[in-house]
Amino acid sequence: MKNPYDEQQTQILARITNNVVKLNDTLLELNQKIEEINEMNSDLVAFSNIWTHYQRNANLYLTSTNSLEPAYKQ
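As the structure is a computational prediction, the values presented were derived from the model and not from experiment.

Calculation rules
Counting starts from 1 at the beginning of each chain's written sequence and moves along it residue by residue. Per-residue local features of the predicted model are confined to residues with pLDDT of at least 70, and side-chain atom pairs are confined, for both listing and counting, to 80 or more; whole-chain, interface and lining totals are unaffected and use all residues. As a rule here, side-chain values come from all non-hydrogen atoms in the structure, and water together with hydrogens is ignored. Each helix is a run of H or I in the DSSP string that is no shorter than four residues. Each strand is a run of E no shorter than two, and both are numbered from the N terminus. Burial classes follow relative accessibility: with a 1.4 Å probe on protein chains only, a residue under 20% of its type's maximum area counts as buried, one over 50% as exposed, and anything between as partly exposed. Only the protein chains shown count as cover for residues, with accessible areas throughout obtained via the Shrake-Rupley method and a probe of 1.4 Å. For this count, His and the chain ends are skipped, Lys and Arg are scored as positive, and Asp and Glu as negative. Every charge is mapped onto a representative atom, which is NZ of Lys, CZ of Arg, CG of Asp or CD of Glu. Only residues whose relative accessible area exceeds 30% and that form no salt bridge enter a patch; like-charged residues are grouped when within 9 Å of one another, and nonpolar side chains (Val, Leu, Ile, Met, Phe, Trp, Tyr) when within 5 Å. When a carboxyl oxygen of Asp or Glu is within 4 Å of a side-chain nitrogen of Lys or Arg, the pair counts as a salt bridge. Stacked, edge-to-face and tilted labels apply to pairs of Phe, Tyr and Trp rings (six-membered ring for Trp) whose centres lie within 6.5 Å, assigned for plane angles under 30 degrees, over 60, and everything in between, in that order.

**What about the overall build of the chain?**
Phase 1: A tally of regular secondary structure across the chain gives 1 helix and 0 strands.
Phase 2: Buried residues in the chain amount to 0% of all 74 residues.
Phase 3: If you sum the accessible surface of the chain, you get close to 7600 Å²; carbon and sulfur atoms cover 58% of it.
Phase 4: For the chain, the distance from the average position of its 6 positive side-chain charges to the average position of its 9 negative side-chain charges is 7 Å.

Dropping the structure here:
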């Protein structure tokens, strides 16, 4: 005797499989975009570190030469 729900279950499993494949493709694309963003952010972090060191060195130089003036306030 044939199971009456066999065809329905097969269709549901096929839909689930297709949806999982689509989800997997989307997650792969998302991971690629996140990697690109992380690469761009690493450039920003490097620039930020360089700028912080520059500020510290400039402040140290201005302090040591007594050239540092207070910030202008309006």
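There is more to say after this.
**Quick look at a negative patch on the surface**
Phase 1: Together, Glu35, Glu36, Glu39 and Asp43 line one region of the surface with negative charge.
Phase 2: Along the polypeptide, aspartate 43 turns up in helix α1 (residues 6–64).
Phase 3: A residue is classified by how much of its surface remains accessible, and aspartate 43, at 54% relative accessible area, is exposed.

**Examining unusual backbone geometry**
Phase 1: Positioned with a positive phi, asparagine 66 is a non-glycine residue whose angle comes to about 55 degrees.
Phase 2: With respect to the element layout, asparagine 66 can be found in the segment after α1.

**A short note on a nonpolar patch on the surface**
Phase 1: On the surface, Ile12, Leu13, Ile16 and Val20 cluster together to form a nonpolar patch covering roughly 360 Å² of accessible area.
Phase 2: The residue valine 20 is located in helix α1 in this model.
Phase 3: Overall, the relative accessible area of 48% leaves valine 20 in the partly exposed class.

**Things to note about the packing of aromatic side chains**
Two aromatic rings are characterised by how far apart their centres lie and by the angle between their planes.
Phase 1: Enumeration over the complete set of coordinates arrives at 1 aromatic pair.
Phase 2: Geometrically, the ring pair formed by tryptophan 51 and tyrosine 54 is tilted, given 5.4 Å between the ring centres and 35 degrees between the ring planes. Of the two residues, tryptophan 51 and tyrosine 54 both sit in helix α1, 3 residues apart, roughly one turn of that helix.
Phase 3: A relative accessible area of 45% places tryptophan 51 in the partly exposed class.

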